[in-house]
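Residue-level listing of the chains:
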Amino acid sequence: MAEAAFSEDGKYYSLITQDGRLRIWDTETNVLKQEYTPDLHLTSPPSCLQWISVNSNTSPTKGVRRKSFSGNETQCIALGTASGKILIYSVSQAQIETVLTDKGNAIHSRVQSLDWHRKYGLFSCTSDSHVWEWDLESSCVRNKYNIHVYSKNKQGNKISAIRIVPHNQKTAAKFLISSSWQIRLWRLNDSEATLVKCLGHNAAPRALLTIATVNNSSWLIEGSQTERLLSFWDVTITEENLPQENSEESTPCKKQRKKSLTSSTVPVPTYNFVLEDAPRIIDVELKVENGATRLSLAAATRSGVVHYYGHLLNGASPKPVKPSVTIQVTTEDAQPLPLQCVQLPKTGDLLIGYCSGPAIVFEKVIPDLKTKTQVLIRGDKSKEDKNEVVAKENDQITYVEPMGGVSRKRGSVGGKVEVTMESRLSNLSLDVKSRSKTAVNQNLTKLLIQGLHSRDKNLILTVLQRNDPAVAHNTISCLPVDYIPALLEQLTDMATRKTSQCSSVCTWLCSVLQCHSASLLATSPHHSEHLTRLLAIFTQRRSNLCQLLSLKGRLDLTSCRRLAPEGDSHTLLQYEDSSSDEELPPEGYESDSRQSWEDGDTD
């Protein structure tokens, strides 16, 4: 499962892909803002991420990696890798600012989890059950803690996630939650980790932990990949959890730890929240309203839905809590759009992100608590696209450029218009040779987008009838991915028509396969119908090619055997015999029998 997280203000959403790339989306504009590929991302890919705030220089030196942070506070992403290093990626600079590693004792274990708190700093946990406390100013290790617990279940004893527990007690100790085959609370003090208590069972290889605080109370929400429950625990740090003064504390030995695990009773969670499927990402918020604490919990599941819970904390309840509303997103033809992430902003609504083709679309939704299931219908016709023309009450029309361009306004009918629509369209359809390639390609792309959006055959044919591979490649390379299905539909229709249009279809289809092959492979079910029809059309046309060539050859031979004019007639072939033209006279024939009779008479 790829790691993902929202920034603290909810403006950005970061994700580690399966091939080890870091992608950052802008949730306000639905644009993939940055994509970073770390070095050795195939052999040592990032394993986890955490949004942090660091102090960086206002004027960095280009090309030089900084070793420390000082100055203004900026947003960064800490990336834990499989080799044990932590990369600090600056979102504003779009590059790695520094690399955290223990120079004295090299870390070779995989970084399992990261957590950061503004008061306590950055913590990381490796696969060998060690917690590392980092000093971001000096880029070195401040403390190292061993939280390994000896047990027979060696595979389930690996730490999969950690979370810092904030507190208001007067102590220098820090408290940490770790998740393995049990959820444990640790006290970190003077480079030593002391087990405070065990919370519950969790045998999943990877867990989801979230900490929520209100006033002086701290609550833990825990979920796993193997359970369809979210457990709600009270992890408030009290005076009983503080290190004892006037007494020496040492790390418990193997027998003491075994005894503490067997003798201690496992507490019961305060609440359990029921899910439809295993959770993918969770977020929680606590507010005090009229003296009561209200819980708002949102969870996105692997099945592609979001559960929202609104509950008042009025005592423990053994009965599982059902979701207040379940949110789903589908298209107009009832095809589900799986929800990938969710966050609870401070405004009271939900920020959800769902897959629409190869892209992720973010949207703010107000939960409808009057119904148990809230279905959002999204598609090309129902959602407000950036390329739509929005009519306002004062009859003014706003033209919005694709891909986050600058909006332009035109006055109402009778108002002053700088350039007419006829002049704009004629400017878009100018000859390629009379203008620079970049401007013409951009104009053709905009003209094609407008034609596909309005389904205007004239505009579409104006662009697609240009049988020039260079123009087609440059135009398709600037075309947004959302318009590829509509373009394939138009190319399929043109392929069934006359030969000149079919030739242009081949040119434009080659450009589509070259520029958007990754998108076609990633979303093959959405484009398989058009590609199958195009393949069938081209196969049928090719099957008739041999017969047409044979017929054309015979017609050419037949047309060449035409009669020549009478005045120009001449002998093509003359044959001469070697024998004389005069006939010889016939010679008499005398038989031998007559002569023999005459000789007989003489005798």
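As the structure is a prediction and not an experimental result, all values here were calculated from the model.

## Notes on the overall build of the chain
Thinking step 1. Per the secondary structure count, the chain includes eleven helices and 31 strands.
Thinking step 2. In the chain, which comprises 603 residues, the proportion classed as buried is 42%.
Thinking step 3. Intrachain contacts of the chain at a sequence separation of at least 6 include 52% that bridge at least 24 residues.
Thinking step 4. Only carbon and sulfur atoms are counted for the fraction: they give 50% of the accessible area of the chain, which is about 35700 Å².

## Some details on the packing of aromatic side chains
Thinking step 1. One pass over the full model with this rule turns up twelve aromatic pairs.
Thinking step 2. Ring geometry for Tyr13 against Trp25: centres 6.1 Å apart, planes inclined by 40°, an arrangement best described as tilted. With a gap of twelve residues between them, Tyr13 in strand 2 (residues 12–16) and Trp25 in strand 3 (residues 22–26) connect regions that are remote in the sequence. You'll find Tyr13 and Trp25 in the same group, each marked buried.
Thinking step 3. Taken together, a centroid distance of 6.3 Å and an interplanar angle of 90° make the contact between Phe232 and Phe273 edge-to-face. In this pair, Phe232 is assigned in strand 19 (residues 229–234) and Phe273 in strand 20 (residues 271–274), connecting sequence segments 41 residues apart. Phe273 matches Phe232 in its accessibility class, with the two residues each being buried.
Thinking step 4. Among the aromatic residues, ring-to-ring pairing joins Trp219, Phe232, Tyr271, Phe273 and Tyr309 into one connected group.

## Notes on the sheet that holds strand 27 (residues 359–365)
Thinking step 1. Reading across the sheet, the three strands line up as 25-26-27 and stay open at both edges, with antiparallel pairing between neighbours. Of all strands in the sheet, those with a lone pairing partner are strand 25 (339–343) and strand 27, marking the two edges. Adjacent strand axes in the sheet meet at a mean angle of 20° when their direction is disregarded.
Thinking step 2. Relative to strand 27, strand 26 (residues 350–356) runs antiparallel, the two sharing seven bridges. Among the inter-strand pairings, Ile352 is bridged to a residue of strand 27, identified as Glu363.

## Here's the deal with the pattern of salt bridges
Thinking step 1. Enumeration according to the criterion identifies 13 salt bridges in this entry.
Thinking step 2. Between Arg23 and Glu35 there is a salt bridge, and its shortest N-O distance comes to 3.3 Å. Note that Arg23 is positioned in strand 3 and Glu35 in strand 4 (residues 31–36), a separation of twelve residues in sequence.
Thinking step 3. Classification of Glu35 by relative accessible area gives partly exposed; the value is 42%.
Thinking step 4. Measuring nitrogen to oxygen at the nearest pair gives 3.9 Å for the salt bridge that ties Arg455 to Glu489. Of this pair, Arg455 sits in the loop between helix 3 (437–454) and helix 4 (457–464) while Glu489 sits in helix 6 (residues 484–495); the two residues are 34 residues apart in sequence, bridging distant segments of the chain.

## Brief notes about the nonpolar core
Thinking step 1. The biggest cluster of nonpolar side chains holds 27 residues, and the ones touching the most others in it are Leu448, Leu464, Ile476, Leu479, Leu487, Leu491 and Trp508.
Thinking step 2. With six residues, the single largest contributor to this core is helix 6.
Thinking step 3. Not counting chain neighbours up to four residues away, the residues in contact with Trp508 comprise Val463, Leu464, Arg466, Ala472, Thr475, Ile476 and Leu491.
Thinking step 4. Counting residues in each nonpolar core, the second largest holds 26 residues, with Phe6, Tyr308, Val325 and Leu339 among its members.

## Quick word on the sheet that holds strand 1 (residues 4–6)
Thinking step 1. What the four strands build is an open sheet, ordered 1-2-3-4; its pairing is antiparallel. Looking at the sheet topology across the chains shown, the edges are occupied by strand 1 and strand 4. Ignoring strand direction, the axes of neighbouring strands in this sheet form an average angle of 20°.
Thinking step 2. Alignment of strand 1 against strand 2, held across three bridges, turns out to be antiparallel. Opposite Ala4, over in strand 2, you have Leu15 as the bridge partner.

## Topic: the environment of Glu240
Thinking step 1. Inspection of the secondary structure puts Glu240 in the loop between strand 19 and helix 1 (254–263).
Thinking step 2. Glu240 gets classed as exposed once you look at its relative accessible area, which sits at 74%.

## A few points about helix 4
Every α-helical turn comprises 3.6 residues, leaving residues that sit three or four positions apart pointing alike.
Thinking step 1. For helix 4, the complete set of buried residues consists of Leu459, Ile460, Val463 and Leu464. Viewed end-on, helix 4 has its buried residues packed into an arc of 120°, placing them on one side of the element.
Thinking step 2. Its side-chain oxygen placed 3.1 Å from the backbone nitrogen of Asn458, Asp456 serves as the N-cap of helix 4.

## Notes on the pairing of strand 22 (residues 292–301)
Thinking step 1. Strand 22 sits mainly inside the fold: eight of its ten residues count as buried.
Thinking step 2. As defined by bridge partners, strand 21 (residues 279–289) adjoins strand 22 across ten bridges and the pair is classed as antiparallel. In the sheet register, Leu286 faces strand 22, and the bridge partner there is Leu295.
Thinking step 3. Here strand 21 folds back onto strand 22, and the loop between the two strands holds two residues, one of which, Asn290, carries a positive phi near 55°.
Thinking step 4. Here strand 22 hands over to strand 23 (residues 306–312) after four residues, with Gly304 in that stretch at a positive phi of 95°.

Basis of the calculations
Residues numbered from 1 in each chain as written. Predicted model: local features only at pLDDT ≥ 70, side-chain atom pairs only at ≥ 80, totals over all residues. Heavy atoms only, no water. Helix = DSSP H or I, 4+ residues; strand = E, 2+ residues; numbered from the N terminus. Buried < 20%, exposed > 50% of the residue type's maximum accessible area, 1.4 Å probe, protein only. Contact = heavy atoms within 4.5 Å. Areas by Shrake-Rupley, 256 points an atom, 1.4 Å probe, with all protein chains shown as cover. Phe/Tyr/Trp six-rings, centres within 6.5 Å; stacked < 30°, edge-to-face > 60°. Pairing = 2+ DSSP bridges. Axes fitted to C-alpha atoms, helices over the stretch in contact; angles between N-to-C directions. Salt bridge = Lys/Arg side-chain N within 4 Å of Asp/Glu carboxyl O. Core = buried A, V, L, I, M, F, W, Y, C linked by side-chain atoms within 4.5 Å. Arc of directions from axis to C-beta. Polar contact = N/O pair within 3.5 Å; in protein donor to acceptor, adjacent residues only side chain to side chain.

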